[in-house]
Amino acid sequence: MTPRPSAPPRYSQYWNEYLETMPREVLDQHHLRRVQALLRYAYDRSPMYRKLYDRSGVTPEDVRSLRDFVEKVPCVDKADLLAAQAVNPPYGELLADFQDDMTHQFYMTSGSTGVPLQVPYNHFEMMRCAEHVAVMCWAVGVRPGDSMYLAFNFGIFVAMWMAYHAAFRMGVHVVSGGGVDTKTRIKQIKDFKPTLLFATPTYALHLAEVAREKGEDLSSSSVKNIFVSGEPGGSIPSTRTAIENAWGAKVYEYYGASETGALGQGCTVQGRMHTFEQDLYSLVLDDRERPVADGQVGEHVATSYIMLTQPVIKYKTHDLVEVHYGGCECGRSWKYLQGGVLGRTDNMITIKGVNVFPAAVEALLGEIRGTSEHFEMHVWREKGLDELLVRVEASLDLDRSCYGETEASAQELLRHRARVRIPVEVLHPGALPRYELKARRFFDHRKTGTRPPRSQKGVSL
């Protein structure tokens, strides 16, 4: 599938109406054809997939239906991809196709959960991902002549590059914030007057915070739409509201991973994301790898039709999502994920028999008066059991004498809603570090067998 030769008419609410409104039964036929072709491609070209499918006793010809695909084809996760690359670095047995005459860009995952995965993109893959960004931007009203500010350095964060190429695809001007500091970026936004901003959620908040310190109010800036990526936040009501209030703009989440490419787009019905079904077969499976029912929560398992250099087939993202298969008020037929990514299976904490996910705690923190959007979670093991500590900065207008009362209120809310006692420390504003790209908010001390370091600032329990 090649990109559209030009943008659709300005009045159209769809970038590609045929694909975005395709009936479910036609979408399923589309998925079956593309899954069958991808299985044959990977089996013939990628040693990792050939060995995996041979061990599992399945061949591409065995998949005659989507049910066959779900039941017969094994899942893979990041550990499998890393092991395949380790055979002969940098790409090893995972690689299916590397065309020397194609323009390539090279990225890698952040490695926040271990060794980074090496991810090459050819020109086709990058342009298809840019097309997905165009679908998302067009859906919320971005049109030729708008201008995009990229609040990133030009590095290995692949989502920024996708947005960069999408801007040219749509006829949108680009203002680059690469290579400059936060104060310079604020000045650039004031001078160039972009209408949309791409940033991580925490950095969008940090930009607004630094602007306030300079006596400037970004809520009256030219920015009308903000697209956030790289970490949860865009679909968490409290975080989204904080960004929208700080900027006076609408916030939408762009969901993906370096190894999978684009996975989902924020919807005009805020708080949900559509999966990119034109190029993605998106499954949501329970812990026995069976599809969950409409409206139920499971693990998002992705199969990309466009990642052909290194295929990802039934790839376990470890993201927990609530899936809905019916149509959406926005008019799109693609399945949507209510609330975005709700948590991660590999970050689950079990406290006194209760499963707790960091994203759920973040959502609850946003309901506590007197606290800000800056927080950390520390988990460690005490006598064989998981323990969790939450540290959150106070809001600027909270008096120091109220910190203890705010801690008690936060602990009571978490106990009532999460049904387990979670200690909370309220720190003074500025006590926690700020991040430009992905914020580090979850610290797992279970791997080192240590306790969280003592807080140097704030009120301890």
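Residues numbered from 1 in each chain as written. Predicted model: local features only at pLDDT ≥ 70, side-chain atom pairs only at ≥ 80, totals over all residues. Heavy atoms only, no water.

1. Regarding the environment of R417
For R417, the location among the structural elements is in helix α12 (residues 403-418). R417 gets classed as partly exposed once you look at its relative accessible area, which sits at 43%. R417 sits 56 residues away from V361 along the chain, and the two C-alpha atoms are 9.4 Å apart. Setting aside its immediate chain neighbours within four residues, R417 contacts L364 and E367. Among the polar contacts listed, one links the side chain of R417 to the side chain of E367, at a separation of 2.9 Å. (Helix = DSSP H or I, 4+ residues; strand = E, 2+ residues; numbered from the N terminus. Buried < 20%, exposed > 50% of the residue type's maximum accessible area, 1.4 Å probe, protein only. Contact = heavy atoms within 4.5 Å. Polar contact = N/O pair within 3.5 Å; in protein donor to acceptor, adjacent residues only side chain to side chain.)

2. Considering helix α11 (residues 358-365)
Counting buried residues in α11 gives six out of eight residues, a clear majority hidden from the surface. Residues of α11 that are buried include every one of P358, A359, V361, E362, L364 and L365, and no others.

3. Quick notes on empty space enclosed by the protein
For the coordinates displayed, the defined rule picks out two cavities of 30 Å³ or more. Estimated volume of the largest cavity: approximately 110 Å³. The wall of the largest cavity is formed by 13 residues, among which H374, F375, P433, Y435 and R441 lie closest to the centre. Of all the secondary structure elements, the ones that give two or more residues to the lining of the largest cavity are α9 (201-213) and β16 (371-382). (1 Å grid on protein atoms, 1.4 Å probe; cavity = no way out; pocket = protein on both sides within 12 Å on 5 of 7 lines; lining within 4 Å. Points joined across faces, edges and corners; volume = space filled by probe spheres on them.)

4. A word on helix α2 (residues 24-45)
Counting along an α-helix, one turn takes 3.6 residues, and residues three or four places apart therefore face a common direction. Helix length check: α2, at 22 residues, gives a terminal C-alpha distance of 31 Å against a target of 32 Å (1.5 Å per residue), a fit within 8%. All of the buried residues in α2 are L27, H30, H31, R34, V35, L38, L39, Y41, A42 and Y43. (Expected span 1.5 Å × (residues − 1).)

5. Some details on the packing of helix α8 (residues 182-192) against α9
Between α8 and α9, the shortest axis-to-axis distance is 10 Å and the interhelical angle comes to 85°. Here α8 is positioned roughly perpendicular relative to α9, judged by the angle of their axes. Listed contacts from α9 to T182, K183, R185 and I186 of α8 are Y203, H206, L207, V210 and A211. Taken together, the residues of the contact of α8 with α9 break down into five nonpolar, two polar and two charged. (Axes fitted to C-alpha atoms, helices over the stretch in contact; angles between N-to-C directions. Parallel < 35°, antiparallel > 145°, perpendicular 65-115°, else oblique. Nonpolar A, V, L, I, M, F, W, Y, C, P; charged D, E, K, R; others polar.)

6. Brief notes about the sheet that holds strand β18 (residues 424-427)
Here four strands make up an open sheet; going across it, the order is β18-β17-β16-β19 and the pairing mixed. Of all the strands in the sheet, the pair left with one neighbour each is β18 and β19 (442-444). Adjacent strand axes in the sheet meet at a mean angle of 20° when their direction is disregarded. With nine bridges connecting them, β16 and strand β17 (residues 385-394) associate as antiparallel partners. The residue bridging H378 from the neighbouring strand is L389, located in β17. Docked against the sheet, α11 engages β16, β17 and β19, running at close to 145° with respect to β16. Sitting on the sheet, α12 is in contact with β16, β17 and β18, with an inclination near 145° to β18. (Pairing = 2+ DSSP bridges.)

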